[in-house]
Amino acid sequence: QVQLVESGGGLVQAGGSLRLSCAASRRTLSYNMGWFRQTPGKEREFVAAIRWSGGSTYYADSVKGRFTISRDNAKNTMYLQMNSLKPEDTAVYYCAAAVRVAVWTHPGSYDQWGQGTQVTVSS
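Residues numbered from 1 in each chain as written. Predicted model: local features only at pLDDT ≥ 70, side-chain atom pairs only at ≥ 80, totals over all residues. Heavy atoms only, no water.

Engineer: Honestly, the packing of aromatic side chains in this entry has me stumped. Any pointers?
Structural biologist: Centre distance and the angle of the planes are the two values used to describe a pair of aromatic rings. According to the stated counting rule, one finds 5 aromatic pairs in the structure shown. Members of the aromatic cluster, connected to one another through ring pairs, are F36, F46, Y110 and W113. Directly above the aromatic system of Y94 lies the positively charged group of R44, at a separation of 3.7 Å from the ring centroid. Taking the ring centre of W113 as reference, the NZ or CZ of R44 above it sits at 4.8 Å. (Phe/Tyr/Trp six-rings, centres within 6.5 Å; stacked < 30°, edge-to-face > 60°. Lys NZ or Arg CZ within 6 Å of the ring centre and 35° of its normal.)

Right, here's the structure in full:
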């Protein structure tokens, strides 16, 4: 198992930027990782994912071109650079990890989760 801790959330105006970090408690080299988000009363929604090697990335259509996922395996950390933020990006953002991912966009494919960090975008 690996413990995941998100940071970098906060309050930002529309059009602004934030960078989220997900720090792991151990080496993440063998883990595929992703970002999800959730608002009250809604299901957890896929945002972005990255293969263990960093060679492939996947994005939800709603964030494509605005968000960038990356990882630094030497630092056991994954990042989500969020630009051109919109009020509809407001949510709790979670990082997730799994050695094997069946469906990149499905939260059930990941078995390790962080506690989440709040992102609020004001209009």
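Engineer: Can you help me understand unusual backbone geometry in this one?
Structural biologist: Excluding glycine, residues mostly have negative phi values, and the peptide bonds linking residues are mostly trans. Even without being glycine, N76 reaches a positive phi, approximately 55°. Of note in this structure, S84 is not a glycine but carries a positive phi near 50°. Position of S84 among the secondary structure elements: in the loop between β8 (77–82) and β9 (91–98). Exposure remark for S84: the relative accessible area of 43% places this residue in the partly exposed category. (Helix = DSSP H or I, 4+ residues; strand = E, 2+ residues; numbered from the N terminus. Buried < 20%, exposed > 50% of the residue type's maximum accessible area, 1.4 Å probe, protein only.)

Engineer: It is not clear to me how the sheet that holds strand β7 (residues 67–72) should be interpreted in this structure. Could you clarify?
Structural biologist: Strand order in the open sheet formed by 4 strands is β1-β3-β8-β7, and the pairing between neighbours is antiparallel. The open sheet has two edge strands, β1 (4–7) and β7, and neither has a second partner. Shown here is a sheet whose adjacent strand axes are inclined to one another by a mean of 15°, direction ignored. (Pairing = 2+ DSSP bridges. Axes fitted to C-alpha atoms, helices over the stretch in contact; angles between N-to-C directions.)

Engineer: Can you walk me through the pairing of strand β11 (residues 117–122) in this structure?
Structural biologist: Each regular strand shows side chains that alternate between the opposite faces of the sheet. The alternating pattern of β11 places T117, V119 and V121 on a buried face, while none of Q118, T120 and S122, on the opposite face, is buried. Across 4 bridges, the pairing between strand β2 (residues 10–13) and β11 is parallel. In the strand pairing of β11, Q13 is matched with S122.

These figures capture arrangement, not role.
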